[in-house]
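# Overview (structure and organization)
These are the residues of each chain, in order.
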Amino acid sequence: MYDGGKILAGIAIFLVAVLLPVWHNAVVASAPRPEVKTPTHEKQCVDSAAVMRASHMNVLNQWREAVVREGVRTTVTPTGMTVSMSLTRTCMNCHANKKEFCDACHNYLAVSPTCWECHVEPKGSSS
Amino acid sequence: MKAGRRSFLKNAGLGALGLAASKAFPTNAEGAAAGGGPRWAMLIDTRKCLQEKGCAKCAEACHLAHNVPTLPNPRHAVKWIWKENFREAFPDQEAEYFDEVLTSSKMLVFCNHCDKPPCTRVCPTQATWRRGDGVVMMDWHRCIGCRYCVAACPYGSRSFNWVDPRPHLANITPTYPTRTRGVVEKCTFCEERLPEHRPPACVEACEARAMMFGDLADPTSEIREVLRTRFAVRRRPGLGTHPEIFYLV
Amino acid sequence: MLEKALVGNRSYWGWLALLAGVIAVGAFFYLRQFAVGLGITGLSRDVTWGFYIAQFTFLVGVAASAVMVVLPYYLHNYKAFGKMTILGEFLAIAAVIMCMLFIFVDMGQPTRVLNVILYPTPKSLMFWDMVSLSGYLVLNVLISHVTLDAERKGIAPPSWIKPIIILSIPWAISIHTVTAFLYSGLAARPFWMTAVLAPRFLASAFAAGPALLILMTLLIRRLTRFDPGREPLQRLAVIVTYAMTINVFLILMELFTGLYSAIPEHVAHFKFLYLGLDGNTTLVPWMWTSVALSVVALVLLLNPHTRGKETTLIAACLAVFLSIWIDKGLGMVVTGFVPSPLGHVTSYWPTLPEVAISLGIYAIGALVITVFYHIALSVRGEIAH
């Protein structure tokens, strides 16, 4: 290979650089997993913790379509509760502290949902 | 004679308005016309409104309930309901020799929730559309802020958020969202109150009882009764938009 | 072929560097606009469309004008335009890119612009505008690439490109018609709601676009060894003459209908443009300048002697371009909003950020044209080194 040494060296440097996040986290301790405090006054969310952890964003999107575009405001959860499909009035009624609950995981995963540009978070939870 | 009939009708209207709250929301079973649900509309008695000079209780109630901001720059104003000069609210009513009490005063204006809205026709993302019950609705998640609907509205009912509205909200009502910069907004007939059988915030706040909210699909509703017995004008009906806000003048 | 863009002399790179500077300034101001909102423009509750949308409207016309060289060459075998079609197509590409950018910077929520594709709404003319502009861009990119590539290889273009080229002809007409329909179907805006708007758009496009093409061809002839000869430029000049005459005629038709009918909501807009309304005379000097320029242009163009002489032809083309730019790029959009449906007269003038962003977009268009023309002329071996 013409200039083989330089090419192989370049590829090696490139691989190291581009895989930096992977080997860095493997070698050095990463940021601690966030521990979210669950609310105390309600035992049951609109669905199981596993489902909510994986799909709460989809649940909220479905609620949004139902309330805004179809005018349907309440729903029956898989657990049998009738709830108002509202971020502010249902979800944040229990998960009232946005910083401790929502932001803890979102910041860890570098996710910035735009919900709170419009939807008002409960008083006392700083963003 | 004329005075007697007019004052009788006015009193009948007043009494009817007093009962309006309970009768304004028939369920489908009760009073909806064959072929569907309610068809919401509003009636404004301009003479009653004019009795309270300088009153803005309807606008204050609406703007508070819906987190409508007060912008320092009038060019960026966001307003859902406000008062316009008679000539500007009703440009096709030549008003030279009419009653000056009326023509020199300000009329209450807001979205007409037209039956054939030109604004919903032009929206490229269906962020605004006409519901079956007549409410011309907004989806602030989908609006791309192109302002085509603002260009299409013949009544100037729509406002665009030129800047972030949050810093310009003195009191935030937490149960209703604010909007973000870059979307168009307007009166939504308090559609969040309708399922709770509550009248719109403006109707509730009006101390002169000048505003009536009702179901046109119910032939026995108060608003239908008043429309049958009194002559009401609408804004720019010749454009074919079928506006559903009626004004008793 | 793109590698040919990387070989150029100092003036070429100096020009590109200058354009890059203007683009950077525009980008900086756009980031500010993205953060703060469209409130940093001169727009207001009454005047909701302004400089950006006006430039978009004007440039759709320039994009459509490529058809004025494509149609004679491909439909009527007018060989003299043979060397010009690629220039027209590249101008169309640059103009469409600028159109899309002007629409993008005008959006309140630009990150959601894909909603127009995700939720297609055939009732809305804006949906069809997106379809027609995107389609036109694809068509012109394909056509210019295939024909230029064939020229580079010294062979005839493949036969399948011919129907696509023919398709681009009605498509060009359609992009500007759809843009006119955006305005001319709105009952709320009597200034725009006229059947003559689409024909007027097309007439002004077919005057301004070829005028620009003539000017650019003469500039390229000065800078390189490219010389299409006298005939294509003279033919284009005749096209500009006819189109400008029709455009001015249609403007006079609008003035007659509006003013003779004396309907206040029609008269008010013309008053605003030419006399001022309620003390607002922002556009008055501009409109009369446009009128004067169009008179000068017609005098120079209708006379075959001055049309045939290059110096006066250049003056005429500049006059045509500027006159139509003022009419479409300043006058037409804002006037639809003054007075507003509620009778308010609100002034509008673009702010510094608005102008900076617009210049940045124009610089992007100039960059695209420069690079593409450079490639085309390199392929033809006509770059002077």
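A quick note: this is a predicted structure, and the numbers were derived from the prediction, not measured. (Residues numbered from 1 in each chain as written. Chains lettered and ligands numbered in written order. Predicted model: local features only at pLDDT ≥ 70, side-chain atom pairs only at ≥ 80, totals over all residues.)

### Here's the deal with the nonpolar core
Residues and elements named next belong to chain C. The cut-off we apply is this: Put simply, a nonpolar core is a cluster of buried Ala, Val, Leu, Ile, Met, Phe, Trp, Tyr and Cys residues tied together by C-beta atoms within 7 Å. Field definition: a residue is buried when 20 or more other C-beta atoms are found within 10 Å of its C-beta, exposed when 12 or fewer are, and partly exposed for counts in between, with C-beta atoms placed from the backbone. A run of H or I in DSSP becomes a helix once it reaches four residues, and a run of E becomes a strand once it reaches two; helices and strands are each numbered from the N terminus. Note on contacts: residues are paired as contacts if their backbone-placed C-beta atoms lie within 7 Å.
One finds A63, M98, C99, V240 and V320 to be the most contacted residues of the largest nonpolar core, which totals 183 residues. For this core, the leading source of residues is helix α4 (residues 85-106), giving 16 residues. Leave out the neighbours within four places in its chain, and V320 touches A207, A208, A211, V240, M244 and A297.

### Focus on the confidence of the model for chain A
Rule in force here: Confidence of the predictor at the level of single residues is given by pLDDT, which spans 0 to 100.
Here chain A shows a mean pLDDT of 87. Residues at 70 or above account for 97%. Across chain A, the secondary-structure element scoring lowest on mean pLDDT is helix α2 (residues 20-27) of chain A, at 86, and the one scoring highest is helix α1 (residues 4-18) of chain A, at 94.

### Structural notes on the interface of chain B and chain C
With 38 residues of chain B at the interface, the matching set in chain C holds 31 residues. Of all elements in the fold, only α5 (86-89), α7 (118-122), α8 (148-152) and β6 (159-160) of chain B reach the threshold of two or more residues within the side of chain B that touches chain C. The leading source of residues in the side of chain B that touches chain C is α8(B), at four residues.

### Topic: the environment of T180(B)
Topologically, T180(B) is positioned in the loop between β6 and β7 (184-185). Placed 62 residues apart in sequence, T180(B) and H242(B) show a C-alpha to C-alpha distance of 31 Å.

### Here we look at the interface of chain B and chain A
The condition that has to hold: For this scheme, ten residues count as nonpolar: Ala, Val, Leu, Ile, Met, Phe, Trp, Tyr, Cys and Pro. Four count as charged, namely Asp, Glu, Lys and Arg, and the remainder, Gly too, count as polar.
Taken together, the contact between chain B and chain A spans twelve residues of the former and twelve residues of the latter. Here the side of chain B that touches chain A is composed, by residue class, of five nonpolar, four polar and three charged.

### Quick notes on unusual backbone geometry
Cis geometry is adopted by the peptide bond preceding P339(C), which originates at V338(C) and carries an omega value of -5°. Even without a glycine there, the phi angle at R209(B) is positive, about 55°. Within the secondary structure layout, R209(B) lies in the loop between α9 (201-205) and β8 (211-215). Residue R209(B) is classed as partly exposed on the basis of its C-beta count, with 16 C-beta atoms lying within 10 Å. Residues other than glycine seldom take positive phi values, yet A262(C) does so here, at roughly 60°. Looking at the element boundaries, A262(C) is found in the loop between α9 (230-261) and α10 (264-274). Overall, A262(C) belongs to the exposed group, with 8 C-beta atoms counted inside 10 Å.

### Things to note about the arrangement of the chains
Among two pairs of chains with at least one contact, chains B and C form the most extensive contact set. There is no contact between chain A and chain C; across them, the least C-alpha separation is 12 Å.

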